[in-house]
Amino acid sequence: MASIHKELVIDACPEAVWSVLSDYGAVHERLAPGFVTDTRLSSDTRTVIFADGTVVLERLVDLDHEAMRVAYTVIGGSLHPSHHHASMQALPEADGRTRFVWHVDVLPDALAAPIAEFVEHGSAVIRRTLEAASPAPPGARPDRGPTSGLDIVQAAWKAFAGHDADRISAVFTEDAEWLAPPGNATALALNCPSHLIGREAIARFLAEDFGRLFASDVNVTFHGFHADGERVVVEETMTATLAGGNHYANDYCLVFELRDGLIHRVREYLDTARGHRMVFGDAEK
């Protein structure tokens, strides 16, 4: 039987970490957003949808509040283990921090490599998410926390999803810019500029105008977050139901340029011809 074991120290208190781990149906929102795009809970079983398209059904085995440990087993979906048992635990560490322990036992052995890759990637996302959501405890290392480029952009994405203009405005510099391709279908359909200038204009678009076209079922599947200093690149696919009832699906690449811990400029790239077909029904408009 193959065993995958991962431990890391998180700059957040155990109670804060356990609050997230014990929220069994909110993996995509609280534990690993971006890495996991959706979680659907039915009784003691959750359906977990990952950014790469993998889908697994995980049945809850144990939720131990005293030990701050959750155990679960895969019972269906894209993976077909003959045996699977996994657990996540929050253990007290020095200076009020938390030792996060993730252990997986699986058969057949051939599944060990892909699951180990999931655990490695997922652990990095979990660390960033938990540290960004929790105040650093006394004594935490000053070189880690919600101040990296990845943390800033991931926190901003949560604000975008909430469509709250004040929260969105707070993540941008006053003179921020959002540059999309000229003549893109969204700008034409909404009669909005493709080059937004100022955080108020950006916040108004994301909080109010966006929903006039992308009316419901908006879902973003993240394919990658890539950081280099104060520049973060996000690869994603967005799907939605348009205001007229048609389906929308398009790929995006967004380049975030940061300044003093805020977003200063966003450069948006997409398949503009596909966008026109989705919105207007032809290749160009």
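See the structure printed just above.
What counts and what doesn't
- Residues numbered from 1 in each chain as written.
- Predicted model: local features only at pLDDT ≥ 70, side-chain atom pairs only at ≥ 80, totals over all residues.
- Heavy atoms only, no water.
- Pairing = 2+ DSSP bridges.
- Helix = DSSP H or I, 4+ residues; strand = E, 2+ residues; numbered from the N terminus.
- Expected span 1.5 Å × (residues − 1).
- Buried < 20%, exposed > 50% of the residue type's maximum accessible area, 1.4 Å probe, protein only.
- Contact = heavy atoms within 4.5 Å.
- Axes fitted to C-alpha atoms, helices over the stretch in contact; angles between N-to-C directions.
- Parallel < 35°, antiparallel > 145°, perpendicular 65-115°, else oblique.
- Nonpolar A, V, L, I, M, F, W, Y, C, P; charged D, E, K, R; others polar.
- Phe/Tyr/Trp six-rings, centres within 6.5 Å; stacked < 30°, edge-to-face > 60°.

Quick word on the pairing of strand S8 (residues 172–179)
- One ladder, built from four bridges, connects S8 with strand S13 (residues 262–270); its direction is parallel. The residue bridging Glu-177 from the neighbouring strand is Arg-265, located in S13.
- Strand direction decides the pairing type here: S8 and strand S9 (residues 195–197), joined by three bridges, are antiparallel. If you follow Leu-179 over to S9, its bridge partner there is His-195.

Details of helix H3 (residues 112–133)
- With 22 residues, H3 should cover 32 Å at 1.5 Å per step; its first-to-last C-alpha distance of 31 Å lies within 8% of that length.
- Within H3, the full set of buried residues consists of Ala-112, Ile-115, Val-119, Gly-122, Ser-123, Val-125, Ile-126, Arg-128, Thr-129, Leu-130 and Glu-131.
- For H3, the secondary structure elements touched by its buried residues are strand S1 (2–10), helix H1 (14–21), helix H2 (27–31), strand S6 (83–92), strand S7 (98–107) and helix H4 (149–162).

Focus on the packing of H3 against H4
- The interhelical angle for the contact between H3 and H4, taken along N-to-C directions, is 70°, at an axis separation of 10 Å. In terms of orientation, H3 lies roughly perpendicular with respect to H4. Between H3 and H4, the contacting residues are Arg-128, Thr-129 and Ala-132 on the first element and Leu-150, Asp-151, Gln-154 and Lys-158 on the second.
- Per-class residue counts for the contact of H3 with H4 are two nonpolar, two polar and three charged.

As for the sheet that holds S8
- The sheet built from six strands is open, its strands ordered S9-S8-S13-S12-S11-S10 with mixed pairing. Each end of this open sheet is capped by a strand with a single partner; those strands are S9 and strand S10 (214–228). The average angle at which neighbouring strand axes cross in this sheet is 20°, direction not considered.
- Where strand S12 (residues 247–259) meets S13, eight bridges bridge the pair, whose relative direction is antiparallel. Bridged to Tyr-252 within S13 is Leu-270.
- Lying over the sheet, helix H7 (residues 199–213) contacts S8, S9, S10 and strand S11 (231–242), oriented at roughly 50° with respect to S8.

Digging into the sheet that holds S1
- The strand order S1-S7-S6-S5-S4-S3-S2 describes an open sheet built from seven strands, whose pairing is antiparallel. Here the strands that pair on one side only, and so sit at the sheet edges, are S1 and strand S2 (36–42). Put simply, the sheet's adjacent strands are angled 20° from each other on average, direction ignored.
- Here S1 pairs with S7 via nine bridges, running antiparallel. Across the sheet, Leu-8 pairs through a bridge with Phe-100, a residue of S7.
- Packed onto the sheet, H1 meets S1, strand S4 (55–64), strand S5 (69–77), S6 and S7 and runs at close to 150° relative to S6.
- Across the face of the sheet, H3 comes into contact with S1, strand S3 (45–50), S6 and S7 while running at roughly 15° to S1.

Brief notes about the environment of Val-61
- Its location among the elements puts Val-61 in strand S4.
- For the pair Val-61 and His-85, spaced 24 residues apart in the sequence, the C-alpha separation amounts to 8.7 Å.
- With residues near it in sequence (within four places) discarded, Val-61 still touches Ala-71, Tyr-72, Thr-73 and His-85.

Focus: the environment of Ala-51
- Assignment of secondary structure puts Ala-51 in the loop between S3 and S4.
- For the pair formed by Ala-51 and Gly-224, sequence separation is 173 residues and the distance between their alpha carbons is 8.8 Å.
- The contacts of Ala-51, once residues within four sequence positions are left out, are Gly-34, Phe-35, Thr-37, Thr-221, Phe-222 and His-223.

Digging into the side chain of Ser-194
- Mapped onto the fold, Ser-194 is located in the loop between helix H6 (185–190) and S9.
- Those residues within four positions of Ser-194 in sequence are excluded, and the remaining contacts are Trp-178, Leu-179, Ala-180, Pro-181, Pro-182, Gly-183, Asn-184 and Ala-187.

Thoughts on the packing of aromatic side chains
- Taken as a whole, this structure holds 14 aromatic pairs when the rule is applied.
- For the ring pair Trp-157 and Phe-160, a centre distance of 5.6 Å and an interplane angle of 55° mean the geometry is tilted. Residue Trp-157 and its partner Phe-160 are located together in helix H4, separated by three residues, close to a single helical turn.
- On the accessibility criterion, Trp-157 (14% relative accessible area) is buried.
- Judged by relative accessible area, Phe-160 falls into the buried class, the value being 8%.
- An angle of 65° between the planes, with centres 6.0 Å apart, marks the rings of Trp-157 and Phe-256 as edge-to-face. With Trp-157 in helix H4 and Phe-256 in strand S12, this pair connects stretches of sequence that are 99 residues apart.

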